Amino acid sequence: TITYGRPYKKGREIFGKLEPYGKVYRCGADEATQITFAKDVTFGGKPVKAGTYTFCAIPNKDQWTVILNSKLGQWGAFDYDKYKAMDVVHVDVPVKNLSTPVEQLTMTANHGAVTLAWDTVEIEVPVKM
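For clarity, every value in this text was computed on a predicted model and none was experimentally measured.

Caption draft 1: Here's a closer look at the nonpolar core. Grouped together as the largest cluster of nonpolar side chains are 29 residues, with contacts concentrated most on Phe37, Phe43, Phe55, Trp64 and Leu68. Elements supplying a minimum of two residues to this core: strand 2 (33-37), strand 3 (41-43), strand 5 (51-58), strand 6 (63-69), strand 7 (87-94), strand 8 (96-110) and strand 9 (113-128). The greatest single-element share of this core, amounting to seven residues, is contributed by strand 9. Dropping the residues within four chain positions of it, Phe43 is found in contact with Phe37, Val48, Phe55, Val66, Leu68, Val89, Val91, Val114, Val125, Pro126 and Val127.

Encoded structure:
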């Protein structure tokens, strides 16, 4: 299960501008995104216990670092530095550049992966149960 706010592009340049490269991003709007696994999984090839985690990322032009953190209830990623010691896993994933922009941030969990798409960017983290 993924719980997240779905901001709109509204003509803005998102990654590299609105959401700067190299800075932690909450992967949504308002409260930081949360992901719940009902069973133990491998997330990007790394073991993760069943439970609920904050899902955030550090976007860069060609690669993102996706982070699962055990501190729940964060507002955005503003206080991430206080909680980074609670990171459970970091996974580097390549960026897929889309030819057609995605207007509203969309996250899906299916086909053995968690996918995030917004603006002209898509990332995918493989997940196996």
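Alright, that's what it looks like, and here's the rest.
Caption draft 2: Structural detail: the packing of aromatic side chains. By the definition in use, this model includes six aromatic pairs. Ring plane angle 75 degrees and centroid distance 5.8 Å describe the contact between Phe15 and Tyr25, whose orientation is recorded as edge-to-face. Of the two residues, Phe15 sits in the loop between strand 1 (2-3) and strand 2 while Tyr25 sits in the loop between strand 1 and strand 2, which places them 10 residues apart along the sequence. Grouping residues by exposure puts Phe15 and Tyr25 together as buried.

Caption draft 3: Structural view of the environment of Leu116. Here Leu116 shows up in strand 9. Residue classification places Leu116 among the buried residues on the basis of a relative accessible area of 0%. Each C-alpha atom of the pair Leu116 and Thr106 lies 5.8 Å from the other, and the pair is 10 residues apart in sequence. Not counting residues up to four positions away in its chain, the partners in contact with Leu116 are Cys27, Trp64, Leu105, Thr106, Met107, Val121, Glu122 and Ile123.

Caption draft 4: Broad picture of the state of the cysteines. In the structure shown here, the tally under the stated rule is zero disulfides. Here Cys27 is not cross-linked by a disulfide; its sulfur's nearest cysteine counterpart is in Cys56, at 6.6 Å. By relative accessible area, which is 0% here, Cys27 ends up buried. Residue class for Cys56 comes out buried when judged on its relative accessible area of 4%.

Definitions and limits used
- Residues numbered from 1 in each chain as written.
- Predicted model: local features only at pLDDT ≥ 70, side-chain atom pairs only at ≥ 80, totals over all residues.
- Heavy atoms only, no water.
- Core = buried A, V, L, I, M, F, W, Y, C linked by side-chain atoms within 4.5 Å.
- Buried < 20%, exposed > 50% of the residue type's maximum accessible area, 1.4 Å probe, protein only.
- Helix = DSSP H or I, 4+ residues; strand = E, 2+ residues; numbered from the N terminus.
- Contact = heavy atoms within 4.5 Å.
- Phe/Tyr/Trp six-rings, centres within 6.5 Å; stacked < 30°, edge-to-face > 60°.
- Disulfide = S-S within 2.5 Å.

Just geometry here; none of it tells us what the structure is for.
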